Each structure stands twice: as C-alpha cells, then as structure tokens.
Amino acid sequence: MRTRQYILNKFIEITIIFFIILTILFFLFRLSPGTPISKMVDPSFTLEDQNLLIEQLGLDKPAFEQYLIYLKNFFTGNLGFSFHYGEPVSNIISARLPWTILLFTSSTLLAAFVGVVLGKIAAWRKESAIDNILSLSALVCHTLFIPWFALLILWFWGFKLGWFPLGGTLSPELWITTCSPLIKLLDILHHMFLPLMTLFFIHMGSYLLLMRSSMLSVLKEDYIITAKAKGLSEKIIRNKHAAKNASLPVITSVGLSLAFSINGGALTEQIFTWPGIGRELIFAVSNNDYPLAQACFLLIAGVVLVANLIVDLLYAYMDPRITY
C-alpha cells in the first residue's frame, strides 16, 4: 500500500513538473532572437505575403493566447505542425524516434554490460596489473571529447579504410530491390557500427569506473568478510554477494542514460548523419521551428521524469533495505 501511495505521489509530482517545463519551453522559444518567418520567407514575398504567413501560423496572436491554444491542442494529442516541414510534429517524431532508440539503447546497454563485468574484475583484483590497465583505459574513454573521437573513427574506419559507410542508416540500392529481411538488417547494422562503437567506448569507461568504485566499497562490508570466512568461492562472493549491491549506482546511471539518450546525443547524430531525435532537435532550434523543438524537449523531459521513478522502484527491488 505504501508503494502504491508513493507511486501515486510521484505521478502527481511528475505531472506538475512536466507542465512547468512545458510552460517554460513555450515562452522561452518565443523570447529567443529571430522568427520562423526569417528562415522560411521567399525573397520574392511581399510584406503582405509575410504578414499572411504569420497569421496562418498563428504567430500574430499574443503569446498568452498562443499558450492557451497550445495547451488545448496538447490535451487532444495535437502537438502542432512543423513550420519547416509543414506536417504534424507527431509524424516527424514517430519517424525519428525508432532510429534514436535503436542506436542509443543498444550502445548504452552494451557499454553497461561490459563496464559492469570489467569493473567487477578490476575491483576484485585491486592494485594488480589488470586493475591498472582497466582503470587507465576507462579513464581515457571517459574523458574522450565526443566530436573529436567520432570524427577520428569516421575518418579512419569509414574514409581511410572504407570498411563502413560515412553516414546514414540505409543503402538505397538494397532497399529498392527485393532483398531478404536478413540482408536489410545487416545493412542497418553495417551503417550503425561506427556511431555505436563511438558511444560504446565513451560510456563504457564511466560504467567501469563507477562499478569499480562501488564494488570496492561493498567488499569492505561485514557480510563479505563473513562470506569469505565461510569458505565460499571467489566467484560466488564476487558475483552473488558483492556485485548485486554494488550495481545499484550503475542501475541509476544506466536508467538516466537511457532516458537522456532520447535526445539522441545530438552531436553524434549530426556527425554520422543519423536521422534521430537529436539531429532533428538541432535543426528545429536553429530554424526556430517552435512546435517541433518543443515536442522534442517535452519528449526528453517526460522520459527522464518517468525514468527517475522507475530507477527508484528498481532500487527497492534490488535492495530490500529500501522501502517507500
């Protein structure tokens, strides 16, 4: 019952925070310099044509009236029309979101799995040669500058060796012919390899260091000393007794990373021309496409808020000492 009440209270809190974010975003974009018209207007348009376009977009109304209209549309599931694309924002989001989820969820989960496994080994063999090598490698990965590293990988593996495509997600010549689903899947994976490896190396280091630090703290607990005194094998102590509790901070990090990955890691998507939410967000903000930019930011905010709740509940599941 207490857990249900906690979830209910959190949902109320999430809802309030979400609509505060919605309101701030709405007015913030309208206070930014420039207008969508400056990016859209044809040089041959007269002043009357420009005013008519502003009226059609609803930008001639007071900001508060625009806000009330936006709220009404939002509650009916209407996120508006993109000023640039001229189509519903929901269609654009639904077309870009699967690509972002595919790339960033895969890279985050893979990096977390490898980081946890190597972090356990590094902590268990503290101050050994393997610990020093793993810790140094993780530190280097964690401090990599994403644009530089992404461009380096793209230049070497894509341009210099020519083993992987320089961008995009598909090979048009394969998808316009009747190829088998397996060949099309392999084509997607072929295009995804370079951005996946970029994100994997960057995130894996942080998970390794976090797991190592948490594991070292857990290994000092009394129940670990007791388990060793009972003569339990190193494998059981490390994996069953120590790793489960040590992984709690990693769960938080992975949960929040998955949530924030919805924004697509805008720089990574831009460099590899990956058609995800992050790349679309950069375009929308650059062109003052208010409806599209607001929808992207609201999607990120909603996912992050829900992810926080899920992480809290996972904590209670993983550690019986935690109750709500």
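Keep in mind that this is a model prediction, so the values were computed, not measured.

Asks: Even after reading the chapter, I still don't get the packing of aromatic side chains, so can you show me in this structure?
Replies: Each aromatic ring pair is summarised here by two numbers: the centre-to-centre distance and the angle between the ring planes. Enumeration over the complete set of coordinates arrives at 18 aromatic pairs. When the centroid spacing of 6.0 Å and the interplanar angle of 35° are considered together, the rings of Phe18 and Phe74 count as tilted. Of this pair, Phe18 sits in helix α1 (residues 2-31) while Phe74 sits in helix α4 (residues 63-75); the two residues are 56 residues apart in sequence, bridging distant segments of the chain. Here the two residues Phe18 and Phe74 agree in accessibility, since each one is buried. Arranged with centres 4.6 Å apart and planes meeting at 10°, the rings of Phe164 and Phe193 form a pair that is stacked. Placement of the pair is Phe164 in the loop between α7 (146-160) and α8 (172-175) and Phe193 in helix α9 (residues 181-218), with a sequence separation of 29 residues. Assessed through its relative accessible area of 33%, Phe193 is described here as partly exposed. Within the aromatic cluster, the residues linked to one another by ring pairs are Phe18, Phe19, Phe26, Phe27, Phe64, Tyr67, Tyr70, Phe74 and Phe75.

Asks: Just checking my understanding: could you explain the packing of helix α5 (residues 89-124) against helix α14 (residues 277-286) for this structure?
Replies: Think of two packed helices as two axes; the pair is described by the angle between the axes and how far apart they sit. Between α5 and α14, the least distance of the axes is 8 Å, while the angle of their chain directions is 135°. Taken together, the axis directions place α5 and α14 in an arrangement best described as oblique. Packed against α5, whose contacting residues are Ile92, Ile93, Arg96, Leu97 and Thr100, the element α14 presents Ile277, Gly278 and Glu280 at the interface. Its residues assigned to classes, the contact of α5 with α14 shows four nonpolar, two polar and two charged.

Rules and cut-offs
- Residues numbered from 1 in each chain as written.
- Predicted model: local features only at pLDDT ≥ 70, side-chain atom pairs only at ≥ 80, totals over all residues.
- Heavy atoms only, no water.
- Phe/Tyr/Trp six-rings, centres within 6.5 Å; stacked < 30°, edge-to-face > 60°.
- Helix = DSSP H or I, 4+ residues; strand = E, 2+ residues; numbered from the N terminus.
- Buried < 20%, exposed > 50% of the residue type's maximum accessible area, 1.4 Å probe, protein only.
- Axes fitted to C-alpha atoms, helices over the stretch in contact; angles between N-to-C directions.
- Parallel < 35°, antiparallel > 145°, perpendicular 65-115°, else oblique.
- Contact = heavy atoms within 4.5 Å.
- Nonpolar A, V, L, I, M, F, W, Y, C, P; charged D, E, K, R; others polar.

Such coordinate-based values are descriptive only and should not be taken to indicate function.
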